[in-house]
Structures are given as structure tokens and as C-alpha cells.
Amino acid sequence: MPWGEFKDTVAERRLFQRRAMVMLVMVVVLLGILVARMYQLQVVEHEIYTTLSDKNRVQVQSVAPPRGLIYDRNGVLLAENRPVFSVTLVPERAGDMEQVLAKLEGLLEVSDEDMERFQRRLKERRRPFQALPLRYDLNEQEIARLAVHRHELPGIEVAAELVRYYPYSELTAHALGYVGRINREELQRIDPVNYAGTNYIGKSGVERFYENLLHGQVGYQHVETNARGRTLRVLERQNPVPGEDIELHLDLRMQQLAHELLDGRRGTIVAIEPVTGGLLALASVPGFDANQFVTGIGVEAYRELRDSPDKPLFNRALRGQYPPGSTLKPMLAVAGLDSGATTRDKTIWDPGFFQLKNNGRRWRDWKRSGHGWVNLNDAVAQSCDIYFYEMAIDMGVDTIHHYLSRFGFGEDATLDVSGALSGLLPSRDWKRAVHNEPWYPGDSVNLGIGQGYMLATPLQLATATSVLANRGSWAEPRLLKGVSGDRSVGDVLPEATHQSITLENPDTWEFVVESMADVMHGAKGTARSAGRGAPYRMAGKTGTAQVFSLAEDEEYDEEEVRERLRDHALFVGFAPVDNPQIAVAVIVENGGSGSGTAAPVARALFDAWLLDYAADGDSVIAARAGAAD
């Protein structure tokens, strides 16, 4: 501006006002944006950020449901839950894992097996922030040490959980099965929601078959935690639904008696209530402590069980497949009579051997001198092999297969017994497929006395005997007797599929049953010593199954044969004859004589059930009435 000219204050004022207005507008706009953002955060997105904030201090934890209890038929508790304290670690909160584990090992004794198991679980797929168990069953001193040093162990918690416990483990291990830690394969098939927080699942037996019934429904709780993740208080809780309690047909007294009668010998006993099919005893000896498997058995302990020559882990009652021997003869007698291959009056001469052709191979009778003239009743009572050799040839394998399959051989005929095998009921097609050979007449000869290719489980023998006791009526073997809650047994059990066996002449049943009664009470019955003095009438059949083959003319000398190569002793039977309340199958491995070893065991079971354990006096009265008749 040239010298002497005056400032234009008006113009400057207008310029200042315009600039101030622009600045004011900008401040107002920015303030509006800030207010709008604050409104969005505080009002519009309030719940979102409240939830995000709560996640830092509030967590949702799953609550595992208590597993249902298992009782025997008399209300005795067979499987319960007990609290166990374990140390767990959440890897996401641990920070330096190696440092935390090193500190922990300085406070607790952590075995190499526990550490290896933890590392293996750490590598498996799992839910985020899932606590992984490291050590189980802590004592009070260990819990106290962890509490004192807890601030040094981020991610470490002492968790209390209900763990399965079997009070009568050795007696019930094979019947009930056991639960164990959920493994990787099981994680792929279970419901991840319902099993959130659950660490155990049924592995075998009743525990596995009724897993859905016993497990229950998961619950949830909202808990407030501090910065270290420690639970401060429970804000909200949805209680889990406990699993259903179940009652079994199993009778612990019979189960215990079965173990005592076997007296440490390798063997198995199956007892069935014929009317219901309920399994009263399902014993496999030797047994094992199922509690060892619940939280994880050690390598050395498992190796000892696995490598034992007595095979305590092997469930002989369900998975043992044995030649049925002469215990098959009553079923074959039914088949022979109904098919017309023999009659009640047909008599044969037993010289002590049987030949298909003159100068051909000789199949020996168990009685070297033979039984002389025998009819079918004599053949069953005295267990004459020659009669059944001839009858098997007359029937042929097709007829034998047809009838034996109707008794449940060659299949798993149970309703709820987990792990039962189907045995082996041979046929022409089976031999052609497996051995690429035709069926020879000699194969039928062997099948006629339950030897050769034929294999049956003790449960199948007891089932077939129960069908005989029922005179052809089927009641599939089952363990479940009752369920707590609203569901009935019929809603839980699979549907029965077997039809009753109808014969041309229904009196055939009574004839065969009386022949079995003569085994126990007849003058020449093979088990007459076991039946002597009973206040009731019983029916039975002894059997002996070869463990190794003899040459054609070689005689069997038990004393010269190693104990584990001796014959198996078998017995099947039921009592009382006219009102059957119990049917049994007994197998004593390498026990020798069925009449001398297995039959007395069955007699003791009959006496206990009918005379000592009867629910009321009616059973005893019925038993004595049967004897009087």
C-alpha cells in the first residue's frame, strides 16, 4: 500500500469474519462427527462393545452332566461317579509352555507317560481354550502346593470332576465294560456341543451300548474372571441334565458266585432267565480292574495285562469261540426228529467206533468199548457219539445248518450285549468260499458231535439252551431291565427279530428235555453225580471239546498232556425242568471232563438261584413240586 494511504478496516473485518465463520463451521462439523461417532458407539453399537468388553472378563463354560448310574436287579450299585482332582493346563493362557511345565514338574511328580499323553493331546484337534488334563487324582498335599504357587503358573488349574468308579470292578469288568478318555477318532463322531466339557465316553460293554442314555445333556455357566483368567464368580448357570440311571438283569450275587466257582481257572459262565432273556450272570475269568482304564492305564500295567497267558482282557463269554462238543447234541436231536432223520425208537449198535466205508477211517466214541444198543434217549443221556455220527450223515449239512441257525448259532442274537461275536456255523457255501473245497461226509460226521469247523460262543450256547427250556420260544438275551425317567425299556431296546421254532410234533420238545433230564437223573446219565440229591429236577448236557487233534487210533492220556492242551470242559442246562427259571452255559478251559468239572459248577448255580437267591417262596415251591412230579 502506497505511503499515506489509509487501511481498509471494513474489508479486513469482513475477511476476518468470513475466516472465523469457516472455522466455526469446520468446528461444528467436526464436533457433529464426533457426537455422531459417540452416539454410534454408545447407543447404536452398545451391545456389540458391551459383549466384547464382557469377553475380557466373562466366559461361557460348559458343565458336563453327571453320568447315569448302573444298578443290578437288586439295586446294588455297579457303576457310580466319584470326585477326582486333576491338574489341567490351558495352552492359550500358559505363555511360555516349557517354563510353566518345568515349574509344575518341580511341584508335582509327573510321569513320562503323563507328559507324553499330554503332548499327544496338545497336538490333537481341540476347542480353543480347552483345558487339557496333565495329572489325575491329586492328593491333598499336591493340591496345597499348587495353591501356594498358583501365581507362578499361568494357565494351570486344579479341576474337580466326577469320574466313573466300579466298586466291583473285577467281577463286572467284562459285563459292564468301562469308560475312558475321549480319543481323536471319537471326537470326529460325537456331538461337539453335547460333549463340550465331557472328557469320558463308554468304551465297551454296557457303558458303550447305552452311551446316549447314560451321558445326559450338557449345561452352561457364565463366569466372571480376572486378568489372569481365574474365576471370580458365577453370573448365570444352566444346569446340565444328568444321564439316565439304568437297572440290569445282572445279579451281583450270581456274578460273584460264578467267579468263586471257577476258582481262578480260565473259563466263563453265562446264566439266562429263560422267560425274559435277562442275563443273570456274564462272567469271564480271569477279570481285570476296569478302574485302571478310566483315567488312563500305565504302559507297564497294560503290558502286563496284555501279555498275560491267561488273557484277562479277553471276554470269553462274548468273544470266546469254542467247539461246542456234545453240548450241541440236544439241538441236533431236535433237528433229527423234526427232519425225519431219526425216530424216538430207532436203535443202533455202538461198537465204539463209526466208519463211513468198510476198512475206512474210524471215528471213535468217547467210550472205547462202545455203548452197545442205544436209542436217541440213551444217546443223549449217555452222550453216545456213534448215534450222532450216523444221524448227522442221514441229515446232511444243509439240514443241520437250517436247524442250528434257528437256535441262534452263526449270528449275534443278542439285543444289547456289545461286542458279542457270531461264532461259526459251517455250510457248503462257507467251505467252498473259505477253503475252496466241497463239503465231505466226514465233515458232517465231525459236525454231528459239535467238532470240526463248528464254533460257538458261551453266550450262544446259553441262548440255545434257553430256547430249549422255553420249548422253542425265543427271548433274545438282554442286559437292560429298567430305566429311570419317563422312557420304558421297550423304547430303548432294539426290536426283537427271532421267531419261535415250530416243530411238526410239539411233543419233540418234551422228549428231548426228558433226555436231558436223564443226563442229570438217569441211571447212566453222564452228569448223574452232579444231579444227585437235588430237591428239583434239572436238564443238562455235558460236553468235552478237543484242543488238539488225535491220530486215528491214538488214545488220550490227560496226565501226559500239558495243562493248556487238555480238553475244555463244557456243560449246558436249565432248571427246574417243568418251570425253567435259569439256563446256564459253563466252559472251563482245559478243565478235562464236562461231567466232572463243568456240571458241578452248574449245579451250584442252580441251587443258589432256586433255593438261596429266589425272590420269594414261589420259586422254591415250584422247584420242589417239579422234583415231586
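Structure report, in brief. (Residues numbered from 1 in each chain as written. Predicted model: local features only at pLDDT ≥ 70, side-chain atom pairs only at ≥ 80, totals over all residues. Heavy atoms only, no water.)

Take helix α11 (residues 252-262) next. Within α11, burial applies to L252, M254, Q255, L257, A258, H259 and L262. In this structure, the buried residues of α11 make contact with β3 (77-89), α7 (169-176), β11 (267-273), β12 (278-285), β20 (582-588) and α25 (594-612). The first or second residue beyond α11 is D263, which carries a positive phi of 50°. (Buried < 20%, exposed > 50% of the residue type's maximum accessible area, 1.4 Å probe, protein only. Helix = DSSP H or I, 4+ residues; strand = E, 2+ residues; numbered from the N terminus. Contact = heavy atoms within 4.5 Å.)

Turning our eyes to something else, we now look at the pattern of salt bridges. Going through the model one piece at a time under the given rule, you end up with 21 salt bridges. Residues E207 and R164 are paired through a salt bridge, measuring 2.8 Å at the closest nitrogen-oxygen approach. Placement of E207 in helix α9 (residues 205-209) and of R164 in strand β5 (residues 156-165) is noted, with a sequence separation of 43 residues between them. Take E207: its relative accessible area is 0%, and that puts it in the buried class. (Salt bridge = Lys/Arg side-chain N within 4 Å of Asp/Glu carboxyl O.)

This part covers the environment of A392. In this structure, A392 sits in helix α17 (residues 385-395). Residue A392 is classed as buried on the basis of its relative accessible area of 1%. Spatially, the C-alpha atom of A392 lies 9.7 Å from that of A335, the residues being 57 residues apart in sequence. With residues up to four places along the chain from it excluded, the contact list for A392 reads I400, S444 and G448.

Per the stated rule, a full pass over the model turns up one cavity of 30 Å³ or more. By volume, the largest cavity is sized at about 80 Å³. Taken together, 14 residues line the largest cavity, and the ones lying closest to its centre are E411, A413, T414, L459 and Q460. In terms of residue class, the lining of the largest cavity is built from seven nonpolar, five polar and two charged. (1 Å grid on protein atoms, 1.4 Å probe; cavity = no way out; pocket = protein on both sides within 12 Å on 5 of 7 lines; lining within 4 Å. Points joined across faces, edges and corners; volume = space filled by probe spheres on them. Nonpolar A, V, L, I, M, F, W, Y, C, P; charged D, E, K, R; others polar.)

Moving on: the packing of aromatic side chains. Under the criterion given, the structure shown has twelve aromatic pairs. Between F288 and F293, the aromatic rings sit 5.6 Å apart at their centres with planes inclined by 75°, giving edge-to-face as the arrangement. Residue class for F288 comes out buried when judged on its relative accessible area of 5%. Where F354 meets W363, the ring centres are 6.4 Å apart and the plane angle is 50°; that geometry is what we call tilted. One aromatic cluster is present, formed by Y178, F288, F293 and Y302 through successive ring pairs. Above the ring of Y200, the side-chain terminus of R181 is found at 4.9 Å from the ring centroid. Stacked on the ring of F353, the Lys or Arg R362 has its end atom at 3.9 Å from the ring centre. (Phe/Tyr/Trp six-rings, centres within 6.5 Å; stacked < 30°, edge-to-face > 60°. Lys NZ or Arg CZ within 6 Å of the ring centre and 35° of its normal.)

Put simply, α7 and α11 touch, their axes get as near as 10 Å, and they point 105° apart. Accordingly, the angle class assigned to the pair α7 and α11 is roughly perpendicular. Counted together, E170, L171, T172 and A175 of α7 and L252, Q255, Q256 and H259 of α11 form the full contact between these two elements. By residue class, the composition of the contact of α7 with α11 is three nonpolar, four polar and one charged. (Axes fitted to C-alpha atoms, helices over the stretch in contact; angles between N-to-C directions. Parallel < 35°, antiparallel > 145°, perpendicular 65-115°, else oblique.)

Each full turn of the α-helix corresponds to 3.6 residues, which orients residues three or four apart in the same direction. For helix α21 (residues 458-469), spanning twelve residues, the distance from its first C-alpha to its last is 16 Å, which sits close to the expected 16 Å at 1.5 Å a residue. In terms of burial, α21 is a largely internal element, twelve of the twelve residues being buried. The positive-phi residue at the C-terminal boundary of α21 is R471, with phi of around 55°. (Expected span 1.5 Å × (residues − 1).)

Another point: the sheet that holds strand β19 (residues 568-575). With antiparallel pairing, five strands are arranged side by side in an open sheet as β12-β11-β20-β19-β18. Unpaired on one side and paired on the other, β12 and β18 (539-545) mark the two borders of the sheet. The average angle at which neighbouring strand axes cross in this sheet is 5°, direction not considered. On the sheet, helix α23 (residues 507-521) packs against β18 and β19 and is oriented at approximately 70° with respect to β18. Against the sheet, α25 touches β11, β12, β18, β19 and β20, its axis set at about 30° to β19. (Pairing = 2+ DSSP bridges.)

The subject of this paragraph is the side chain of T198. As for its placement among the helices and strands, T198 is situated in the loop between α8 (184-189) and β7 (200-202). Residue class for T198 comes out buried when judged on its relative accessible area of 11%.

For the rest of this paragraph, the subject is the nonpolar core. Residues F388, F407 and F409 are the most contacted members of the largest nonpolar core, which totals 138 residues. Counting residues in hydrophobic clusters, the runner-up holds 18 residues, among them V100, L104, V110 and L132. (Core = buried A, V, L, I, M, F, W, Y, C linked by side-chain atoms within 4.5 Å.)

Turning our attention to the side chain of D72. With respect to the secondary-structure elements, D72 resides in the loop between β2 (70-71) and β3. Buried charge D72 goes without a salt bridge, the closest partner of opposite sign being R253 at 6.0 Å. A distance of 2.9 Å separates the side chain of D72 from the backbone nitrogen of N74, its partner in a polar contact. In terms of polar contacts, D72 uses its side chain to reach the backbone amide nitrogen of L252, at 3.0 Å. Leaving out residues up to four positions away in the same chain, D72 has contacts with L78, E247, L248, L250, D251 and L252. (Lys, Arg positive; Asp, Glu negative; His and termini not counted. Polar contact = N/O pair within 3.5 Å; in protein donor to acceptor, adjacent residues only side chain to side chain.)

Now for a positive patch on the surface. A cluster of basic residues, R13, R14, R18 and R19, forms a positive patch at the surface. Its location among the elements puts R19 in helix α1 (residues 9-44). (Patch = residues over 30% accessible without salt bridge, like charges linked within 9 Å, V, L, I, M, F, W, Y side chains within 5 Å. Areas by Shrake-Rupley, 256 points an atom, 1.4 Å probe, with all protein chains shown as cover. Charge placed at Lys NZ, Arg CZ, Asp CG, Glu CD.)

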